[in-house]
Structures are given as C-alpha cells and as structure tokens.
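# Summary of structural features
Take a look at the letters that make up each chain.
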Amino acid sequence: NSLGHRFGSKPYALEDSSTNNWALAVLTLGDGWHNNHHRFAGSARHGFQWWEVDLTYYSLVVLRAMGLISDYAGA
C-alpha cells in the first residue's frame, strides 16, 4: 500500500498521493492500480484499461459465475 502512494502514474488528479504502478499490480494481483482504486473506491475492479491486468477482479468474476459469491451486500 505504501508503494502505491509513492511510485507510479496518476491518471486521475486526486488530492491524495495514490499512483498506478504496473510492477506493483503484477505482484499484488491488481492492487497496484491504486490511483484507480482511490478514484472509484466502491468498485471491485481496479484495472480499467485492457492492459491493466487485475487478477483479483477476474477471480471474483469466476467465483460469481460458479455461484460461490454474489454482489449482495446484505443491506
């Protein structure tokens, strides 16, 4: 998380120091798209472009297709 606030690009101009870092995204299975996450905090997906690989999100898609999880928040 700290690295996601130090090194990388900022496609969204936010008041915080979050950045997108492709190397960190590879190591964290998608969480390296940290600036995207801060811009759209309620989204389960962090990689928005085709080249922003987000394996965590893809795993959630597969688990949902298998019926193991849902988007029901219980509210």
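Below is a short write-up of the structure. (Residues numbered from 1 in each chain as written. Predicted model: local features only at pLDDT ≥ 70, side-chain atom pairs only at ≥ 80, totals over all residues. Heavy atoms only, no water.)

## A few points about the packing of aromatic side chains
The cut-off we apply is this: Side-chain rings of Phe, Tyr and Trp (the six-membered ring for Trp) are treated as a pair once their centres are within 6.5 Å; stacked means planes under 30 degrees apart, edge-to-face means over 60, and tilted covers the remaining angles. In this text, helices come from DSSP runs of H or I with a minimum length of four residues, and strands from runs of E with a minimum of two, each type numbered from the N-terminal end. Only protein chains enter the accessibility calculation, which uses a 1.4 Å probe. A residue is then buried if its area is under 20% of the maximum for its type, exposed if over 50%, and partly exposed in between.
Inspection of the entire model under this criterion finds four aromatic pairs. Between Tyr12 and Phe40 the ring centres are 5.6 Å apart and the planes differ by 85 degrees, which places this aromatic pair in the edge-to-face class. One end of the pair, Tyr12, is in the segment before helix 1 (22-27); the other, Phe40, is in the loop between helix 2 (34-39) and helix 3 (55-65), and 28 residues separate them in sequence. Residue classification places Tyr12 among the partly exposed positions, given a relative accessible area of 25%. Three or more aromatic residues link up through ring pairs in this structure, and these residues are Tyr12, Phe40 and Phe48.

## Some details on the side chain of Asp54
The condition is simple: Residue contacts follow a heavy-atom distance rule, with two residues in contact if any of their heavy atoms lie within 4.5 Å.
Considering the arrangement of structural elements, one finds Asp54 in the loop between helix 2 and helix 3. Leaving out residues up to four positions away in the same chain, Asp54 has contacts with Leu29, Gly30, Ala44, Arg45, His46 and Gly47.

## As for the environment of Glu52
How we decide: Within 3.5 Å is the distance limit for a polar contact, defined as a pair of N or O atoms, with the added protein rule that one can donate a hydrogen and the other accept it, and that residues adjacent in sequence qualify only through two side-chain atoms.
Inspection of the secondary structure puts Glu52 in the loop between helix 2 and helix 3. By relative accessible area, Glu52 is classed as buried at 4%. Residues within four places of Glu52 in sequence aside, it is in contact with Asn20, Trp33, Asn36, His46, Gly47 and Tyr58. Of the polar contacts made by the side chain of Glu52, one reaches the side chain of Asn36; its length is 3.0 Å.

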